[in-house]
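Below, each chain spelled out in residue letters.
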Amino acid sequence: MTTLIDTLKIEDSAETAQAAAFSARLEGLSAPEILRLALTGLFPAQIALSSSFGADSAVLLHMVAQIDPQTPVIFLDTDRHFFQTLQYRNQLVKQLGLTHLINLKADPQEAKDFDPKGTLWQQSTDACCALRKVRPLNRVTDDYQAWITGRKRHQSATRTHMPLVEWDGRNYKVNPLADWTPEDISAYMAEHDLPPHPLVEQGYPSIGCFPCTKPVEAGQDARAGRWAGQEKTECGIHSVAYGDGI
Ligand code: SF4
């Protein structure tokens, strides 16, 4: 029987050693310097930015737009986003002059087969994320050698030791904001007059799909509102083990 979730084990390989070498080369550079080197030196024309157009996303989008506004920007359109996120996506793309937005959705036939009522998240958030995020992204992994992500080490225990460059079994992942703090994000947004996601002021410091995102109380972890009450902390696209088979 086919399943939505499968895993690909990451073995030590030439690519993991190469990722460590890239990380060492980028150590000590600023985030814009890391991005410039990644876009123009390490992976020219072979790298895309994966963006959720969430609370912190404007920072990387702005940096990328300064270097090359034609950089592919991948948005996983789950059909479960807050309408404010879709408006914010459109606003930022226009304001920053980004010219290559790629809106990725679940395969229609897979959605029909595995989520005919559109309520899969109520039975299994892992399966729903596999259908609407992991598998759509996997369809384009061969198009690029590397991804840029906005993940930060302070965000969760699973990200504490995240390197600047990783190998996930298929692609390199470049994490220019790995050591950035919430204060760094706020300062950059203020310095460059970037608009905040409209839900931030309503208590959402981390924003995903509406069925799986709640506002957080003051002092709570920023990602505490994501899949609240579940053990799940990641959607799967940043796991070193990618889902593949359906
Ligand atoms: Fe589905 Fe929730 Fe994952 Fe969005 S975050 S894809 S609604 S389980």
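Look up a bit, the structure's there.
Computed from a prediction, not measured in an experiment: that's the story for all the values here. (Residues numbered from 1 in each chain as written. Predicted model: local features only at pLDDT ≥ 70, side-chain atom pairs only at ≥ 80, totals over all residues. Heavy atoms only, no water.)

Our focus in this paragraph is the site of the ligand. Close contacts around the ligand come from Arg80, Trp121, Thr125, Cys128, Cys129, Arg132, Lys133, Cys209, Pro211, Cys212 and Trp227, and that covers them all. With 5 residues, helix H7 (residues 125-138) is the largest single contributor of residues to the shell around the ligand. (Near = heavy atom within 4 Å. Helix = DSSP H or I, 4+ residues; strand = E, 2+ residues; numbered from the N terminus.)

On to helix H4 (residues 83-96), then. Residues spaced three or four apart along an α-helix face the same direction, because each turn holds 3.6 residues. Across its 14 residues, H4 extends 20 Å between first and last C-alpha, which sits within 8% of the 20 Å expected from 1.5 Å per residue. Looking only at H4, the buried set comprises Gln84, Thr85, Tyr88, Arg89, Leu92, Val93 and Leu96. The arc that holds the buried residues of H4, viewed along the axis, is 165°, so those residues lie on one side. In H4, those exposed residues whose orientation departs by more than 90 degrees from the buried face are Phe83 and Lys94. Buried-residue contacts for H4 involve helix H3 (57-67), strand S2 (73-76), strand S3 (101-104) and helix H8 (182-191). (Expected span 1.5 Å × (residues − 1). Buried < 20%, exposed > 50% of the residue type's maximum accessible area, 1.4 Å probe, protein only. Arc of directions from axis to C-beta. Contact = heavy atoms within 4.5 Å.)

Closest axis-to-axis distance for the H3/H4 pair is 10 Å, and the angle between their directions is 25°. Judged on the interaxial angle alone, H4 and H3 are roughly parallel. Of the two elements, H3 crosses H4, and the hand of that crossing is right-handed. Counting all contacts with H3, which are made through Ala58, Leu61, His62 and Ala65, the residues of H4 involved are Tyr88, Leu92 and Leu96. (Axes fitted to C-alpha atoms, helices over the stretch in contact; angles between N-to-C directions. Parallel < 35°, antiparallel > 145°, perpendicular 65-115°, else oblique. Left-handed = near helix turned anticlockwise from the far one by under 90°.)

Looking at where arginine 132 falls in the secondary structure, it is placed in helix H7. Within the structure, arginine 132 has its side chain in polar contact with the side chain of aspartate 115 (distance 2.3 Å). Beyond its immediate stretch of four places on either side in the chain, arginine 132 contacts Leu76, Thr78, Arg80, Ala106, Asp115 and Gly118. (Polar contact = N/O pair within 3.5 Å; in protein donor to acceptor, adjacent residues only side chain to side chain.)

These figures come from the coordinates and say nothing about function on their own.
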